[in-house]
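Coordinate analysis (summary)
So the chains spell out like this:
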Amino acid sequence: MVRGLVSLYTRHKNSKAVTSLNSIDLLVVGAYFVTILAFGLYRSSRRAGAEEYFLAQRNLRWPTIGLSLVATSVSSTTFVGLAGSAYATGLSITNYEWMSSLVLVLFALYIAPRYVQSRVYTLPEFLERRFDRRCRYYVSALTLVGNVFVDMAGTLYAGALLLQPLLVDTPMASWPLWSTGVLVAALAGLYTMFGGLRAVVRTDAVQAAVLFFGASIMAMLAMSNAGSWSEIVAQTPPEHLSVMRPIDDPTMPWLGTLVGVPLLCFYFWCTNQFVVQRVLAARDARHAQLGSLLAAALKFLSMIVLVLPGLSARIVFPDLERPDDVFSRVLFDLVPSGVRGLVLAAFLAGVMSSVDSTLNSASTLITMDFVRTLRAPRSGELSDQHLGRIGRLTTLALLVVSAAWVPVVAQAGNLYTYLQQTLAYLVPPVAAIFVLGLFWKQATAKGAFFGLLIGHLVSLGTFAMQMATGVRKAHFLIVCGALFACSVVAAGAMSWKTVHESAARVARSAQPRSPEAQPHPPKYDIAMTTPAIQLLAAGIAALCGSYVAMLW
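Described below are features of the structure shown in this document. Only a predicted model underlies this, so the values are computations on that prediction, with no experimental measurement involved. (Residues numbered from 1 in each chain as written. Predicted model: local features only at pLDDT ≥ 70, side-chain atom pairs only at ≥ 80, totals over all residues. Heavy atoms only, no water.)

So, about the overall build of the chain. Helix and strand counts for the chain come out as 21 helices and zero strands. Looking at the 552 residues of the chain, the share that counts as buried comes to 59%. Taking contacts inside the chain between residues at least 6 apart in sequence as the whole, the part at least 24 apart equals 87%. (Helix = DSSP H or I, 4+ residues; strand = E, 2+ residues; numbered from the N terminus. Buried < 20%, exposed > 50% of the residue type's maximum accessible area, 1.4 Å probe, protein only. Contact = heavy atoms within 4.5 Å.)

Structural data, given as structure tokens:
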């Protein structure tokens with residue numbers, strides 16, 4: 001939520017905090033920190049090999065997968081941004097949330113089983129098996145930069161901006177802004193470094209429960225102070241209760257909802273290592289599917305509890321200057337002491353689950369996509385235990401890098417918002433080659449790499465031109481869809497040109513694990529899915545459809 005970062009940054013620089021935590025709240029937050037850290041370290045294994053450290057022995061069950069997926073997706077900006085956007089513009093911001101549920105249904109039915117059957121450590125490795133090593137390195141490097149310098153740094157920065165004013169009457173009030181983010185990163189990084197993915201998903205499951213409990217309390221208190229749902233509807237402008245906005249809407253035009261939002265959700269849930277790593281660690285395809293569907297249902301529920309405070313605040317606090325102040329106003333004016341500490345603990349749960357997931361996935365990418373593949377041709381394959389040790393050292397190094405980057409972001413708050421927006425320009429080419437690789441057998445390695453290069457050249461050129469001229473004639477969500485189409489056309493044209501050459505090379509190849517020896521991903525027939533899973537998927541999809549139809 002870019003606007004959330006801007007508002008929080010402005011508030012920190014230009015206003016004095018008028019709220020603080022009392023001793024009961026601080027005790028609750030401190031107890032949460034100690035408990036989650038102890039639990040994470042208890043679940044750690046300091047001698048874990050690569051498969052245990054990165055994929056928890058590929059033995060995760062569906063409840064853990066589902067809870068961890070949701071906890072990872074909810075960060076500090078989600079709490080602030082959803083409530084603030086609901087206050088300012090209404091329910092159109094929920095398009096990202098219900099679309100996420102719908103994408104997760106499709107992911108569970110058609111994509112997750114293929115990932116599990118491929119037995120890969122990373123999604124770039126999946127691309128190598130489907131295409132070639134160039135695609136693997138390209139996407140892995142891009143994912144690393146985005147996860148560490150954009151996703152995690154933004155989460156830490158936004159968390160620090162909100163926490164700093166709340167600690168005005170505590171010894172930490174004199175700490176620099178960036179030190180608060182560094183402290184959260186260090187706590188999450190400690191159990192991540194020792195425990196790997198198993199410690200991450202176990203703590204995420206606990207944090208998901210705290211997150212939903214705290215957010216639900218906040219939503220119920222906000223709604224009860226507003227009166228009732230019928231009163232909220234009566235006092236909310238009709239256009240704010242619609243999820244489909246006019247084509248010229250500055251925040252969520254209907255065309256952007258149909259072409260841009262699905263692409264961003266597809267990238268996040270289906271191609272992003274720090275999310276999909278839980279699915280790669282599933283014990284079988286059935287657990288991967290059930291875990292993804294549980295996440296889809298919980299994502300829909302979280303949408304409701306996170307936007308209710310924003311809608312209710314229009315009645316309770318009708319004259320807020322900054323919509324992103326909704327979270328702190330509801331927290332301190334409506335939530336009683338003690339419970340306030342629990343809600344804040346839920347906020348911290350979202351921060352820590354995003355940080356630990358990013359650290360673990362980034363460590364996996366570096367170790368398995370670069371260290372193992374670049375060293376093996378010269379020195380032979382590294383042992384499983386050796387790779388596990390490298391993973392722990394890499395996690396520590398990433399923790400240091402991300403902590404060092406927080407002060408840089410703090411010194412350039414407005415510049416950082418532009419870095420966030422670039423995700424809409426960098427994501428489409430990656431989403432395009434995954435779609436082609438998964439669902440089009442004729443897509444070739446040359447076509448995929450050409451699509452990546454052309455797509456990013458066009459997107460970076462478009463972004464640079466807009467920054468230089470200051471003219472944005474199209475919403476970035478619509479631009480996102482156009483860039484996706486450009487990448488698909490480029491990759492498709494080159495694939496069509498080279499498909500016969502690629503097929504001949506495959507026929508001549510004698511190496512079964514050659515990148516070109518698997519012209520398409522492992523086959524998975526939807527008929528293999530159990531009727532219960534199909535029924536559950538249909539129910540969640542129908543729920544999303546009913547929501548959109550009701551609020552069209």
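With that settled, consider the pattern of salt bridges. Under the counting rule described, the total for this entry stands at 14 salt bridges. Close ionic contact of Arg 198 with Glu 52 constitutes a salt bridge, the shortest N to O distance being 2.8 Å. Of this pair, Arg 198 sits in helix H9 (residues 177–226) while Glu 52 sits in helix H3 (residues 50–55), and the two are 146 residues apart along the sequence. Its relative accessible area of 19% is what places Arg 198 among the buried residues. The salt bridge involving Asp 369 is made with Arg 136; its shortest N-O contact spans 2.7 Å. Residue Asp 369 is found in helix H15 (residues 339–379), and its partner Arg 136 is found in helix H8 (residues 133–166); the two are separated by 233 residues along the sequence. Of the two residues, Asp 369 and Arg 136, both sit in the buried class. One salt-bridge network, in which partners are shared between bridges, spans Glu 128, Arg 133, Arg 136 and Asp 369. (Salt bridge = Lys/Arg side-chain N within 4 Å of Asp/Glu carboxyl O.)

Attention shifts here to a nonpolar patch on the surface. A cluster of nonpolar side chains, namely Ile 247, Trp 254, Leu 258 and Val 259, defines an oily patch on the protein surface of about 340 Å² accessible area. Position of Ile 247 among the secondary structure elements: in the loop between helix H10 (229–235) and helix H11 (254–271). (Patch = residues over 30% accessible without salt bridge, like charges linked within 9 Å, V, L, I, M, F, W, Y side chains within 5 Å. Areas by Shrake-Rupley, 256 points an atom, 1.4 Å probe, with all protein chains shown as cover.)

We now examine the nonpolar core. In terms of nonpolar packing, the biggest core is built from 150 residues, with Phe 79, Phe 107, Tyr 115, Met 352 and Tyr 547 touching the most fellow members. Ranked by residues supplied to this core, first place goes to H9 with 16 residues. Not counting chain neighbours up to four residues away, the residues in contact with Phe 107 comprise Ala 112, Pro 113, Tyr 115, Trp 269, Cys 270, Val 276, Val 279 and Ser 292. (Core = buried A, V, L, I, M, F, W, Y, C linked by side-chain atoms within 4.5 Å.)

A separate point is helix H4 (residues 62–73). Here H4 spans 17 Å end to end across twelve residues, near enough to the 16 Å set by a 1.5 Å rise per residue. Among the twelve residues of H4, nine are classified as buried, and the element is accordingly described as predominantly covered. All of the buried residues along H4 are Thr 64, Ile 65, Gly 66, Ser 68, Leu 69, Val 70, Ala 71, Thr 72 and Ser 73. (Expected span 1.5 Å × (residues − 1).)

Turning our attention to the packing of H11 against helix H18 (residues 423–439). Where H11 contacts H18, the axes come no closer than 9 Å and their chain directions differ by 65 degrees. In the crossing of H11 with H18, the sense of the turn from one axis to the other is left-handed. Contact with H11, carried on its side by Leu 263, Leu 264, Phe 266, Tyr 267 and Thr 271, involves Ala 424, Val 427, Val 430, Ala 431, Phe 434 and Val 435 of H18 and no other residues of that element. Of the residues assigned to the contact of H11 with H18, the class counts are ten nonpolar, one polar and no charged. (Axes fitted to C-alpha atoms, helices over the stretch in contact; angles between N-to-C directions. Left-handed = near helix turned anticlockwise from the far one by under 90°. Nonpolar A, V, L, I, M, F, W, Y, C, P; charged D, E, K, R; others polar.)

The next subject is the packing of aromatic side chains. What the rule picks out here adds up to eight aromatic pairs. Here Tyr 138 and Phe 449 contribute two aromatic rings whose centre-to-centre distance is 5.9 Å and whose plane-to-plane angle is 85 degrees, an arrangement assigned as edge-to-face. Taken together, the positions of Tyr 138 in helix H8 and Phe 449 in helix H19 (residues 445–469) put the pair 311 residues apart, joining distant regions of the chain. Between the aromatic rings of Phe 300 and Tyr 547, the centroid separation amounts to 5.7 Å while the plane-to-plane angle is 85 degrees, which identifies the pairing as edge-to-face. Pair noted here: Phe 300 is in helix H13 (residues 285–316) and Tyr 547 is in helix H21 (residues 531–550), with a separation of 247 residues, a long-range link. (Phe/Tyr/Trp six-rings, centres within 6.5 Å; stacked < 30°, edge-to-face > 60°.)

Counting buried residues along helix H12 (residues 273–280), eight of its eight residues qualify, which places the element largely inside the surrounding structure. Of the residues making up H12, those classed as buried are Gln 273, Phe 274, Val 275, Val 276, Gln 277, Arg 278, Val 279 and Leu 280.

Relative to the assigned elements, Ala 86 resides in helix H5 (residues 76–89). Note: C-alpha distance between Ala 86 and Pro 323 (237 residues apart in sequence) is 8.5 Å. Ala 86 has contacts with Ile 93, Val 307, Gly 310, Leu 311 and Arg 314, leaving out every residue within four places of it along the chain.

So, about the packing of helix H6 (residues 95–118) against H13. H13 packs onto H6 with a crossing angle of 175 degrees between their chain directions and a minimal axis gap of 8 Å. Considered as vectors, H6 and H13 are oriented roughly antiparallel to each other. Taken together, the residues of H13 that come into contact with H6 (itself represented by Glu 97, Trp 98, Ser 100, Ser 101, Leu 104, Val 105, Phe 107, Ala 108, Leu 109, Ala 112, Pro 113 and Val 116) are Ala 285, Ala 288, Gln 289, Ser 292, Leu 293, Ala 295, Ala 296, Lys 299, Phe 300 and Met 303. Here the residues of the contact of H6 with H13 are counted per class, giving 16 nonpolar, four polar and two charged. (Parallel < 35°, antiparallel > 145°, perpendicular 65-115°, else oblique.)

Read these as geometric descriptors, not functional statements.
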